[in-house]
Amino acid sequence: MVVSADFTEAQIWAWLEEVPDPEIPVISVVDLGVIRDVAVDQNGVTVTITPTYSGCPAMAVIALDIKTVLAMHGIKQMTVKTQIAPPWTTDWLSKKGRARLEDYGIAPPQAAGGPVRCPHCKSTQVEKVSQFGSTPCKAQWRCTTCLEPFDYFKCI
């Protein structure tokens with residue numbers, strides 16, 4: 001079977017938009033920047049992923065979800081490959097992904113020195129409560145304006 005004649009890279013990327021991050025289901029693994037590459041050739045489809053941090057427990061679920069979505073679209077020959085270098089960075093989050101994080105109540109990462117903004121009331125009057133949040137990639141913060149706690153997606 002010649003896979004490249006049946007599916008395009010653009011179609012694969014669009015289908016991967018359907019794969020939610022298991023820890024933050026409002027953002028796709030594409031918008032999270034975990035999908036590094038998609039290759040389509042006569043041997044099948046290869047999707048390259050990079051964990052958000054070393055030892056991320058969600059990677060096995062992400063790989064399985066990728067395979068499930070591709071199989072649902074008729075792809076039978078596929079490989080999900082993990083690449084750890086260069087390491088993932090929050091710079092790889094898409095603009096849409098950052099907006100979805102904020103809408104969900106998680107402050108998206110800010111550029112070096114940029115102010116953290118409360119995802120609830122948009123105030124920059126915030127304080128870090130703990131370097132450790134609900135997952136290892138987030139920290140716990142609190143807004144001193146609306147007094148609501150929130151997760152901040154750490155810059156990496």
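Attention in this report is confined to the structure presented alongside it.

Rules of the game
- Residues numbered from 1 in each chain as written.
- Predicted model: local features only at pLDDT ≥ 70, side-chain atom pairs only at ≥ 80, totals over all residues.
- Heavy atoms only, no water.
- Helix = DSSP H or I, 4+ residues; strand = E, 2+ residues; numbered from the N terminus.
- Buried < 20%, exposed > 50% of the residue type's maximum accessible area, 1.4 Å probe, protein only.
- Polar contact = N/O pair within 3.5 Å; in protein donor to acceptor, adjacent residues only side chain to side chain.
- Contact = heavy atoms within 4.5 Å.
- Salt bridge = Lys/Arg side-chain N within 4 Å of Asp/Glu carboxyl O.

### Describing the side chain of lysine 138
Its location among the elements puts lysine 138 in strand E6 (residues 138-143). Residue lysine 138 is classed as buried on the basis of its relative accessible area of 3%. A polar contact of 3.1 Å, which involves the side chain of lysine 138, links it to the side chain of serine 134. Apart from residues no more than four positions distant in its own chain, lysine 138 is found in contact with Ile24, Ile106, Gln131, Phe132, Gly133, Asp151, Tyr152, Phe153 and Lys154.

### Notes on the pattern of salt bridges
All chains considered together, the criterion is met by 6 salt bridges. Note that glutamate 102 is salt-bridged to lysine 122, the shortest N-O span being 3.9 Å. Here glutamate 102, found in helix H4 (residues 95-104), pairs with lysine 122, found in the loop between strand E4 (106-107) and strand E5 (126-130); they are 20 residues apart in sequence, far enough to count as distant. A relative accessible area of 12% means that glutamate 102 is categorised as buried. The salt bridge partner of glutamate 127 is arginine 142, with a shortest N-O separation of 2.1 Å. Of this pair, glutamate 127 sits in strand E5 while arginine 142 sits in strand E6, and the two are 15 residues apart along the sequence. Assessed through its relative accessible area of 37%, arginine 142 is described here as partly exposed. Connected through shared salt-bridge partners, Glu17, Asp31 and Lys96 make up one network.

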